[in-house]
Amino acid sequence: MKTIKHLSILASLLCVLLCSSCSFSRGLTVIKSLPVELYYNLPTGLSRYSGTTYGLNIQLTTSFPTNAIVDDSEVTGKDRMILPKEYAISPNPADYLRDAFNQYVTALGFRVGNDYSTDRILAVNVREFRVMRGNTSTRAVAVLDYELLEPGRRTCIGRTTVNARYIPQSATETIAATLNGALNQALSKINWQTIADQLTKHETADLENTRKVKGAGDTALESTIIRWYIISAPQGADVSWRVVSSTPSVKNTNSTYVGTTPYETTESFDIRGLTFENSGNVQIEITCEKTGYLTQKKRFNLRQAIEQREISAKFNLVKDE
């Protein structure tokens, strides 16, 4: 089918050239419209991201003029005289691009989903997609912006731009094939590994090093159970804790009262902005207070607490004389 499309387009171009060369002596005949049938060819060896927890819902928009997909502005002289007046592009470029994205993402192993309560949104805007032809050269460019969003449209991966420039591999490569090459180059430049990390809830926090806690319960950090064991001598002291951070991603907090000694519980962390990567710059400060005794405080490095799954301390209280 693709070979037939190629031959059809080549035949149309040959007709243009023959009509033009035969008419120089009696007036030039120029074809008004030349069909360009877009098709998508997947590159091989893509599958690598199967088994992610969440699906990927692709939302694609275009902001380029569809009547400028073929740019012949660099063609000059007699070559320009035989160019068609316009190009009839089919199918609709937005439909073609949307289908290509779905094929590419599926081939990578992602589940293209439509569960709007859990699936992540890959929002893509194609802002340039065209082939530029000159007298002796042809090239195609594709420029797209993408971002990954949670179902509530909170940002997982901020807006990123990729640029691709494709040069045909032979003089007989069609307009559609050249555009196909540029699109595949652009798709290959998207950071799919980072996207896959955001679509997967791992068993341990170190496997999602930069994934932030946002309160949605979809990170390994939020599922990491920490054992708290705080005792004092004498017992019956009030225990409170707060976050002390030296990274701008995690805010300091006020103290929160949790109980009296002996205090023992198992809880998970819900510290917004926390990642395994920045947890070494965050501390948990525990305060122990009892009437008639001096207040005591101890700090625990959060990275160590995550790795050991425990925060334990004994406070030997000193009377306030």
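Cut-offs and rules
Residues numbered from 1 in each chain as written. Predicted model: local features only at pLDDT ≥ 70, side-chain atom pairs only at ≥ 80, totals over all residues. Heavy atoms only, no water. Helix = DSSP H or I, 4+ residues; strand = E, 2+ residues; numbered from the N terminus. Expected span 1.5 Å × (residues − 1). Polar contact = N/O pair within 3.5 Å; in protein donor to acceptor, adjacent residues only side chain to side chain. Salt bridge = Lys/Arg side-chain N within 4 Å of Asp/Glu carboxyl O. Buried < 20%, exposed > 50% of the residue type's maximum accessible area, 1.4 Å probe, protein only. Core = buried A, V, L, I, M, F, W, Y, C linked by side-chain atoms within 4.5 Å. Contact = heavy atoms within 4.5 Å. Pairing = 2+ DSSP bridges. Axes fitted to C-alpha atoms, helices over the stretch in contact; angles between N-to-C directions. Parallel < 35°, antiparallel > 145°, perpendicular 65-115°, else oblique. Left-handed = near helix turned anticlockwise from the far one by under 90°. Nonpolar A, V, L, I, M, F, W, Y, C, P; charged D, E, K, R; others polar. pLDDT = per-residue confidence, 0-100.

Trainee: Give me helix α3 (residues 93-108): which residues, what numbers.
Mentor: Helix length check: α3, at 16 residues, gives a terminal C-alpha distance of 22 Å against a target of 22 Å (1.5 Å per residue), a fit within 8%. Two or three places before A94, at the start of α3, stands the capping residue N92, its side-chain oxygen 2.9 Å from that residue's backbone nitrogen. Once α3 finishes, G109 follows within two positions and takes phi at roughly 110 degrees, a positive value.

Trainee: Break down the pattern of salt bridges for me, citing the residues and quoting the values.
Mentor: Side chains carrying opposite charge are able to pair once their charged atoms draw close together. Going through the model one piece at a time under the given rule, you end up with 14 salt bridges. D145 is the partner of R127 in a salt bridge, and the nearest nitrogen-oxygen pair spans 2.8 Å. In this pair, R127 is assigned in strand β5 (residues 120-134) and D145 in strand β6 (residues 138-149), connecting sequence segments 18 residues apart. Residues D270 and R272 are paired through a salt bridge, measuring 3.1 Å at the closest nitrogen-oxygen approach. Judged by its relative accessible area of 44%, D270 is partly exposed. What emerges from the salt-bridge pattern is a single network uniting D71, E128 and R130.

Trainee: Tell me about the nonpolar core, and name the residues and values.
Mentor: Of all hydrophobic cores here, the largest spans 50 residues; its most connected members are L56, F110, F129, L144, I190, W192 and I195. Where this core is concerned, the elements lending two or more residues are β1 (33-37), β2 (56-62), α3, β5, β6, β7 (155-166), α4 (175-188) and α5 (192-198). Top contributing element to this core by residue count: α3, with 7 residues. Those residues in contact with L144 that lie beyond four places of it in its chain are F101, V124, N125, V126, R127, T160, T161, V162, A186 and I190. I226, W228, F276 and V282 belong to the second-largest nonpolar core, a separate cluster that totals 29 residues.

Trainee: Account for the environment of E264, with residues named and values stated.
Mentor: The topology assignment puts E264 in strand β11 (residues 263-268). When the C-alpha positions of E264 and I311 are compared, they lie 9.9 Å apart, and in sequence the two are 47 residues distant. Residues contacting E264, with those up to four places away along its chain left out, are R227, W228 and Y229. At 3.1 Å, the side chain of E264 forms a polar contact with the side chain of R227.

Trainee: How would you summarise the sheet that holds strand β13 (residues 296-301) if you had to cite specific residues and measurements?
Mentor: Here 4 strands make up an open sheet; going across it, the order is β10-β9-β12-β13 and the pairing antiparallel. Whereas interior strands pair on both sides, the edge strands pair on one side only; in this sheet they are β10 (256-260) and β13. Each strand axis lies, on average, 25 degrees off the axis of its neighbour in the sheet, ignoring direction. For strand β12 (residues 282-289) and β13, the ladder comprises 6 bridges, and the chain directions are antiparallel.

Trainee: Can you lay out the packing of α3 against α4 for me, pointing to particular residues and giving the numbers?
Mentor: It is the contact of α3 with α4, at a shortest axis distance of 12 Å, that shows an interaxial angle of 50 degrees. Taken as axis vectors, α3 and α4 run oblique relative to one another. Here the hand of the crossing between α3 and α4 comes out right-handed. On α4, the residues touching Y96, L97, A100, F101 and Y104 of α3 are N180, L183, N184, L187 and S188. Grouping the amino acids of the contact of α3 with α4 by side-chain chemistry returns 7 nonpolar, 3 polar and no charged.

Trainee: Describe the confidence of the model for the protein, and please don't skip the residues or the numbers.
Mentor: Any residue range with low pLDDT should be treated as having predicted coordinates unsuitable for detailed reading. Mean pLDDT over the protein stands at 86; residues scoring 70 or higher make up 90%. Predicted confidence is poor over residues 1-28, with pLDDT under 50, and the contacts of this stretch with residues over four places away or in other chains come to 24 contacts.

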